Amino acid sequence: MRRIVGSLVAAGAAGAAAWVASRRIGAAKPGGAELWERKNFRGSTVTLAAGPAVAAGAAAGVLVAPGLPSRVRTAGVCAAVAVGAVGLYDDLFGSTASKGLRGHLSALQSGEVTSGVVKIGVIGAAGVIGGALVSDNVVDAAIGGAAIAGHANLLNLLDLRPGRANKTVLLHTPLVVGGPAAPVGAAAVGAALAMLPDDLGERTMLGDAGANTLGALLGLALVAREGRAARLAHLAVVTGLTLASEKVSFTKVIERTPVLRELDGLGRQR
């Protein structure tokens, strides 16, 4: 019962805080509208305000969740803040010359430290710290940290159409309702639910700040309840899908699969 209450409080607080932050950031657009506005796949103008709003809202939800172990609370807040911050840096100031994991690593081999490389490093560090805080030994911490970082990256790869990444977060709900870090997953779900209407309405987009943060929190919530075998399977799945994304378009796969196509288009402007 305590975890259920904690999860409900975390989801409610995260959703409310994310909604308020999105409105304020979207209205203020610090640094000017040009810095915050982008064109989506349809050519509609959207704002990146949802990204930092999600990170701030999720951090708030984890922070106020009652009954959450201090180590888990620390892991959740740190993940939201660190991943959200580096994602926002990449969204606002990053170069688009190098794309994808392979592109950024190739640039690094050539001596170029791209914003994407910085993001990979920070998300990796956040994953390791989170993994360590919810593990009893170094091996499990390393596996868990890699799974958390991989989950963060994977969700970002899905943020290519309005509502897709947020819907993916909501589909995680049955997977994160149990375990010692359930409120962490609930905070991600609450923040995603609050952002979904504006995302589907093509007024905002999650960007790296939002998608990476939500993925990291979901990964943390799952890792906290997984044993070593489950963590290895978790890591294998996110790694396999990430590598597949370098060769296969997720959007094309979704469009060719009737069930996925209908779910992906649900609520979206036609």
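Residues numbered from 1 in each chain as written. Predicted model: local features only at pLDDT ≥ 70, side-chain atom pairs only at ≥ 80, totals over all residues. Heavy atoms only, no water.

## A closer look at the UniProt feature "transmembrane region" (unreviewed entry) in the chain
The UniProt feature table records "transmembrane region" (unreviewed entry) at residues 46–65, 169–193 and 205–224. Regarding residues 46–65, the helix share stands at 75% and the strand share at 10%, and the terminal C-alpha atoms are separated by 32 Å. Taken as a whole, residues 205–224 contains 85% helix and 0% strand, while its terminal C-alpha atoms sit 29 Å from one another. (UniProt positions renumbered as here; feature names shortened; annotations may be inferred. Helix = DSSP H or I, 4+ residues; strand = E, 2+ residues; numbered from the N terminus.)

## A closer look at the pattern of salt bridges
Side-chain pairs of opposite charge can arise whenever the charged atoms involved come near each other. Counted by the stated rule, this structure contains 8 salt bridges. Its salt-bridge partner being R228, residue D140 comes within 2.7 Å of it at the nearest N-O pair. One end of the pair, D140, is in helix α7 (residues 138–157); the other, R228, is in helix α12 (residues 228–245), and 88 residues separate them in sequence. For the salt bridge of D264 with R268, the shortest nitrogen-to-oxygen distance reads 3.1 Å. (Salt bridge = Lys/Arg side-chain N within 4 Å of Asp/Glu carboxyl O.)

## Notes on α12
Between its terminal C-alpha atoms α12 stretches 26 Å, which fits the 26 Å expected from 18 residues at 1.5 Å a residue. Among the residues of α12, those classed as buried are R231, H234, V238 and T242. For α12, the angular spread of buried residues about the axis comes to 60°, placing them on one side. Turned more than 90 degrees away from the buried face of α12 sit A229 and L243, all of them exposed. (Expected span 1.5 Å × (residues − 1). Buried < 20%, exposed > 50% of the residue type's maximum accessible area, 1.4 Å probe, protein only. Arc of directions from axis to C-beta.)

## Comments concerning the packing of α7 against helix α11 (residues 207–223)
Packing of α7 against α11 leaves a shortest axis separation of 7 Å and a crossing angle of 145°. Helix-helix and strand crossings are classified by hand; for α7 and α11 the assignment is right-handed. Counting all contacts with α7, which are made through G144, A147, I148, H151, A152, N153, L155 and N156, the residues of α11 involved are G207, D208, A211, N212, L214, G215, A216, L218, G219, L220, L222 and V223. Class assignment of the residues belonging to the contact of α7 with α11 gives a composition of 11 nonpolar, 8 polar and 1 charged. (Axes fitted to C-alpha atoms, helices over the stretch in contact; angles between N-to-C directions. Left-handed = near helix turned anticlockwise from the far one by under 90°. Contact = heavy atoms within 4.5 Å. Nonpolar A, V, L, I, M, F, W, Y, C, P; charged D, E, K, R; others polar.)

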